[in-house]
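In case you want the letters, here they are:
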Amino acid sequence: MLDSYLDYLLATLVIELGLLMLICPGNHRRDALFAALAVNLFTHPLATMAIAEPGPLLGFWSAEVLVVLVEAIALFLATGLDLRRAIQLSLIVNGATILCAILLQPALVFGPA
């Protein structure tokens, strides 16, 4: 189980960067990995604070939508991929992270039982 913020951040980076290694076109891969690393170091703590108790500023799903959009824009700007492909990549890698969150910490996503 993941016990600390650093565990969640590292899990997110492993999942998202690992998937990008597999699915990003080779000529854009290095730039995509750098952009994803940089933007995750920015968005992950902000999203975590936005959904933290008590009194979250945003719900889990609202925060994730914003993260997907910010990461898609970063991929678009850093790689030269078209915006549609950048959005697809962001949806895939963030979707994998969300799936892991649902499986490992459902209360984080759906609230306490």
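Residues numbered from 1 in each chain as written. Predicted model: local features only at pLDDT ≥ 70, side-chain atom pairs only at ≥ 80, totals over all residues. Heavy atoms only, no water.

### Let's talk about the nonpolar core
Membership of the largest hydrophobic core is limited to 11 residues, which are Leu20, Cys24, Ala32, Leu33, Ala35, Ala36, Leu75, Leu81, Ala86, Leu89 and Val93. Every element with two or more residues in this core is listed here: α2 (26-51) and α4 (83-104). Setting aside anything within four residues of it in sequence, one finds Leu89 in contact with Leu20, Ile23, Cys24, Leu75 and Leu81. (Core = buried A, V, L, I, M, F, W, Y, C linked by side-chain atoms within 4.5 Å. Buried < 20%, exposed > 50% of the residue type's maximum accessible area, 1.4 Å probe, protein only. Helix = DSSP H or I, 4+ residues; strand = E, 2+ residues; numbered from the N terminus. Contact = heavy atoms within 4.5 Å.)

### A word on the packing of aromatic side chains
Evaluated as defined, the whole model comprises 1 aromatic pair. When the centroid spacing of 5.2 Å and the interplanar angle of 90° are considered together, the rings of Phe60 and Trp61 count as edge-to-face. (Phe/Tyr/Trp six-rings, centres within 6.5 Å; stacked < 30°, edge-to-face > 60°.)

### Here's the deal with the environment of Gly95
Tracing the backbone shows Gly95 in helix α4. For the pair formed by Gly95 and Glu16, sequence separation is 79 residues and the distance between their alpha carbons is 9.3 Å.

### A short note on the side chain of Thr97
In this structure, Thr97 sits in helix α4. Exposure remark for Thr97: the relative accessible area of 16% places this residue in the buried category. A distance of 3.1 Å separates the side chain of Thr97 from the backbone oxygen of Val93, its partner in a polar contact. Setting aside its immediate chain neighbours within four residues, Thr97 contacts Thr12, Ile15 and Glu16. (Polar contact = N/O pair within 3.5 Å; in protein donor to acceptor, adjacent residues only side chain to side chain.)

### A word on helix α1 (residues 5-23)
The end-to-end C-alpha separation of α1 is 27 Å, in line with the 27 Å expected for 19 residues at 1.5 Å each. In the core, the buried residues of α1 are packed alongside α2, α3 (60-79) and α4. (Expected span 1.5 Å × (residues − 1).)

### Overview of empty space enclosed by the protein
Taken as a whole, this structure holds 1 cavity of 30 Å³ or more when the rule is applied. Roughly 40 Å³ of volume is contained in the largest cavity. As for the largest cavity, its lining consists of Glu16, Leu20, Ala35, Ala36, Val39, Glu71, Leu75, Ser90 and Val93. Counting only elements with at least two residues in the lining of the largest cavity, the list comes to α1, α2, α3 and α4. If one sorts the elements of the lining of the largest cavity by residue count, α2 sits on top with 3 residues. (1 Å grid on protein atoms, 1.4 Å probe; cavity = no way out; pocket = protein on both sides within 12 Å on 5 of 7 lines; lining within 4 Å. Points joined across faces, edges and corners; volume = space filled by probe spheres on them.)

### Remarks on α4
The first and last C-alpha atoms of α4 sit 31 Å apart over 22 residues, in line with the 32 Å expected at 1.5 Å per residue. Those residues of α4 not exposed but buried are Ala86, Leu89, Ser90, Val93, Asn94, Ala96, Thr97, Ile98 and Ala101. Between a side-chain oxygen at the N-terminus of α4 and the backbone nitrogen of Arg84 the separation is 3.1 Å; the capping residue is Asp82.

### Points about the side chain of His28
Mapped onto the secondary structure, His28 falls in helix α2. With residues up to four places along the chain from it excluded, the contact list for His28 reads Thr79, Gly80 and Leu81.

### Considerations on the environment of Asn27
Tracing the backbone shows Asn27 in helix α2. Sequence spacing of Asn27 and Thr79 is 52 residues, and the spatial spacing of their C-alpha atoms is 8.8 Å.

Don't take any of this as a statement about function, it's just geometry.
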